Amino acid sequence: MTNWGDWTAKQLYVPEYEPPQEPPKEAPQRPEMPKPVQLDAVWSDPPPVAPELIEGVLRQGHKMIISAPSKAGKSFALMELAFAIAEGFKWFGSKCMQGKVLYINMEIDDPSCYQRFRSIYEALGMNIDNHVGNITVWGLRGFSMPITRLTPLIIEEAKHDYAAIIIDPLYKVMDGDENSNSDVGQMVGQFDRIARETGASVIYAHHFAKGTGGDRSAIDRAAGAGAFARDPDAILTMTELAIQTDEESDRSAWRMEYILREFPRHKPVSFWWEYPLHKIDHELDEEEVETSATRTERNKKKIQREKTIEQIRQTRETVQRIMGSDGRFTLKAFVEAYSVIEPLARTTAQRMLTNAGYCSDGKAHRGKPSYWYEER
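Values in this document were obtained by computation on a predicted structure and should not be read as measured data.

Right, let's get into the pairing of strand β8 (residues 164-168). Both faces of the sheet carry side chains from a regular strand, because those side chains alternate between them. For β8, a buried count of five out of five residues is recorded, marking the element as mostly surrounded by other parts of the structure. What you see with β8 is no split at all: A164, I166 and D168 on one side and I165 and I167 on the other are buried throughout. In this sheet, β8 lies alongside strand β6 (residues 101-105) in parallel orientation, the contact comprising five bridges. Looking at the pairing, L102 lines up with I165 of β8. Regarding topology, helix α5 (residues 181-198) serves as the crossover connection from β8 to the parallel strand β9 (residues 201-207), and that connection is right-handed.

This is the structure in structure tokens:
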């Protein structure tokens, strides 16, 4: 029998602690990247620049954003661009290179999308015998997903030699917060990948920030982080003009402004938006874009105009009650009859009658009143 009391600590075997061995770390793999180029190697024979997809605005393989408020017809403008590229004609005055377009529709259902395209084509005087086959519509309404998931799908689909890929609208593929430069930077990085691997221009629509667009510089009108203004090669903004239009009219006046990386300053283009087309009108070039101040002034004028219309209506109703069988009435009778609405000075009453289309015979003398009658 062992006498445990004779054991000392020295006689106990306690192995030394050895930490677990971690597997050796491999050197990080360098991603596939272009190699640095010494400038003198390409100085005499530089590679050609990409062709201009939209003359003076955008090169093929570059990125473009169109930002506007909800009333400007952004989607219709993008569809018009798709046709301009498909046919090789002008878009907002700029000639387009002819090619194929992939239009990714993420907002409206397919039948409505096809109907929009058809209404634009017919309004342009085009038909199926032209090059409508150059446009491929990818209807993804109800399949919204982050751009990180959508990018490989777009690249796989766009192997068919597209000149442009249009994504409408941007918010449907936004992964993260549009006010975060980090999140927006990651998203536009995916657009870079799409453009690099397909060779197509990436074009997308975005909305204005809240408020009146004209209160801010054109480059800052898009909602969200500053990366929206710094990343694209071309920024196009559609801003409403401070012009009074008939309230019953279905058209409104706008201006396209350009902020370009690759090209010299581009002259703004003024136009009417009248379903289903945007129509250039250089007579609008002198109009100002709408600001908070011009909107306030326009609303004041609208209120005054409505007040004048109502005053004319009340004036004519009052006259009908006092007009004699000979079609005449006196100023005094009008002032007394109108007093049930509000008291009037004679000069005010005269002005109201004139505005309502009545005139005086001007024969007042020696206390005798002049008579008023309707102008013919």
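Below, the discussion takes up the packing of helix α4 (residues 147-157) against α5. It is the contact of α4 with α5, at a shortest axis distance of 10 Å, that shows an interaxial angle of 10°. It follows from the interaxial angle that α4 and α5 lie roughly parallel. Between α4, through I147, T148, T151, I154 and I155, and α5, the contact on the second element is made entirely by M187, Q190, F191, R193, I194, E197 and T198. Grouping the constituent residues of the contact of α4 with α5 by class yields six nonpolar, four polar and two charged.

Our next topic: the pattern of salt bridges. All chains considered together, the criterion is met by 12 salt bridges. Across the pair E262 and R59 runs a salt bridge whose closest N-O atoms are separated by 2.9 Å. Separated by 203 residues along the polypeptide, E262 in the loop between β11 (251-260) and β12 (269-274) and R59 in strand β2 (residues 58-59) bring together distant segments of the chain. R328 is paired through a salt bridge with D326; the nearest N and O atoms lie 3.1 Å apart. If you follow the salt bridges from partner to partner, you end up with K63, D192 and D231 in one network.

Scoring rules and cut-offs
Residues numbered from 1 in each chain as written. Predicted model: local features only at pLDDT ≥ 70, side-chain atom pairs only at ≥ 80, totals over all residues. Heavy atoms only, no water. Buried < 20%, exposed > 50% of the residue type's maximum accessible area, 1.4 Å probe, protein only. Helix = DSSP H or I, 4+ residues; strand = E, 2+ residues; numbered from the N terminus. Pairing = 2+ DSSP bridges. Right-handed = clockwise from strand over helix to strand, strands pointing away. Axes fitted to C-alpha atoms, helices over the stretch in contact; angles between N-to-C directions. Parallel < 35°, antiparallel > 145°, perpendicular 65-115°, else oblique. Contact = heavy atoms within 4.5 Å. Nonpolar A, V, L, I, M, F, W, Y, C, P; charged D, E, K, R; others polar. Salt bridge = Lys/Arg side-chain N within 4 Å of Asp/Glu carboxyl O.

Keep in mind these numbers describe shape, not what the thing actually does.
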